[in-house]
Amino acid sequence: MRFNMSGLLGGISVVMTMMGGQALAGQGTAAEAEAMEGKAVAYIKQVGPEKAYEEITNGKMFKDRDLFAFVYDMNGKSLAHGGNPKLVGKDLMNMRDPDGKLPNKILIDVAKEKGKGWGSEVKFMNPVTQQIQRRQVYVERLGDTVVAAGIFLE
């Protein structure tokens, strides 16, 4: 009986692809973060901000493993936050990560300058592991707000 290593690796590759690429690690991917952010923008347009922000913050539609959506106004006030509902209503523009970076200013600057895209790497509390981890966030400007979702890099 011969063992076909390439067939086995191909099968593992298919299973990993079907499971989202990083299912074993339980981490969301960049493509999944972009898709979640896009879904949040579409949902806000469909049902309006009030209902959408409630779902983003307290519902299940915009939470998947370590992925979550959030919304800020252009001054850094949290309007909806799937990763930490306690942040809603707070001015987070000057909040610093452990390295002294201003994560929310970075995201708002991307939204203002490009309309949408990935912010630079920062550190943030992972709601699944409860650890501070490296993170990158995809943002899109929607009127006077920034809609976002990000990935943890560790």
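You'll find the structure just up there.
Cut-off values and rules
- Residues numbered from 1 in each chain as written.
- Predicted model: local features only at pLDDT ≥ 70, side-chain atom pairs only at ≥ 80, totals over all residues.
- Heavy atoms only, no water.
- Helix = DSSP H or I, 4+ residues; strand = E, 2+ residues; numbered from the N terminus.
- Buried < 20%, exposed > 50% of the residue type's maximum accessible area, 1.4 Å probe, protein only.
- Contact = heavy atoms within 4.5 Å.
- Polar contact = N/O pair within 3.5 Å; in protein donor to acceptor, adjacent residues only side chain to side chain.
- Axes fitted to C-alpha atoms, helices over the stretch in contact; angles between N-to-C directions.
- Parallel < 35°, antiparallel > 145°, perpendicular 65-115°, else oblique.
- Salt bridge = Lys/Arg side-chain N within 4 Å of Asp/Glu carboxyl O.
- Core = buried A, V, L, I, M, F, W, Y, C linked by side-chain atoms within 4.5 Å.
- Expected span 1.5 Å × (residues − 1).
- Arc of directions from axis to C-beta.

**Section: the environment of Gln136**
When you line up the elements, Gln136 lands in strand E6 (residues 132–142). Since its relative accessible area comes to 26%, Gln136 is described here as partly exposed. A sequence separation of 14 residues divides Gln136 from Val122, and the C-alpha atoms of the two residues are 6.4 Å apart. Excluding residues within four positions of it along the chain, Gln136 makes contact with Trp118, Gly119, Ser120, Glu121, Gly150, Ile151 and Leu153. Here the side chain of Gln136 touches Gly119 through a polar contact of 3.1 Å, landing on its backbone oxygen.

**Regarding the environment of Tyr72**
Considering the arrangement of structural elements, one finds Tyr72 in strand E2 (residues 67–73). Residue classification places Tyr72 among the buried residues on the basis of a relative accessible area of 1%. Each C-alpha atom, one on Tyr72 and one on Val146, is 5.2 Å from the other, the two residues being 74 residues apart in sequence. Those residues in contact with Tyr72, other than ones at most four positions away along the chain, are Lys77, Ser78, Leu79, His81, Leu92, Asn104, Thr145 and Val146. In terms of polar contacts, Tyr72 uses its side chain to reach the side chain of Asn104, at 3.2 Å.

**Describing the packing of helix H2 (residues 30–47) against helix H3 (residues 49–58)**
H3 packs onto H2 with a crossing angle of 140° between their chain directions and a minimal axis gap of 7 Å. With respect to each other, H2 and H3 are oriented oblique. Across from Ala40, Tyr43, Ile44 and Val47 in H2, the residues of H3 making contact are Pro49, Lys51, Ala52, Tyr53, Glu55 and Ile56.

**So, the pattern of salt bridges**
Counted according to the given criterion, the structure contains six salt bridges. The partner of Arg65 in a salt bridge is Asp64, with the nearest N and O atoms 3.1 Å apart. Residue Arg65 is classed as partly exposed on the basis of its relative accessible area, which comes to 31%. We note a salt bridge from Asp144 to Arg141, for which the minimum N-O separation is 3.8 Å.

**A short note on the nonpolar core**
Ranked by size, the top nonpolar core spans 18 residues in total, and within it Ile44, Ile56, Phe62, Val71 and Val147 carry the most contacts. Contributing elements (two or more residues each) for this core: H2, H3, E2 and strand E7 (145–152). If we ignore the near neighbours within four places in the chain, the residues touching Ile44 are Pro49, Ala52, Tyr53, Ile56, Val71, Leu142 and Val147.

**A closer look at H2**
In this model H2 runs 26 Å from its N-terminal to its C-terminal C-alpha over 18 residues, within 8% of the 26 Å that 1.5 Å per residue would give. Three or more residues of H2 are buried, namely Ala33, Met36, Glu37, Ala40, Val41, Tyr43 and Ile44. Along the axis of H2, the buried positions cluster into a sector of 165°, meaning they face one direction only. Of the exposed residues in H2, those oriented more than 90 degrees away from the buried face are Ala31, Lys45 and Gln46. Residues of H2 that are buried sit in contact with H3, strand E1 (63–64), E2, strand E4 (116–118), E6 and E7. Positive phi shows up at Gly48, right after H2, with a value of about 90°.

**So, the environment of Gly82**
For Gly82, the position within the fold is in the loop between strand E3 (78–81) and helix H4 (103–114). Once the C-alpha coordinates of Gly82 and Phe70 are considered, the two residues, twelve residues apart in sequence, prove to be 5.8 Å apart. When near neighbours in sequence (up to four residues on either side) are disregarded, Gly82 contacts Ile56, Thr57, Lys63, Phe68 and Ala69.

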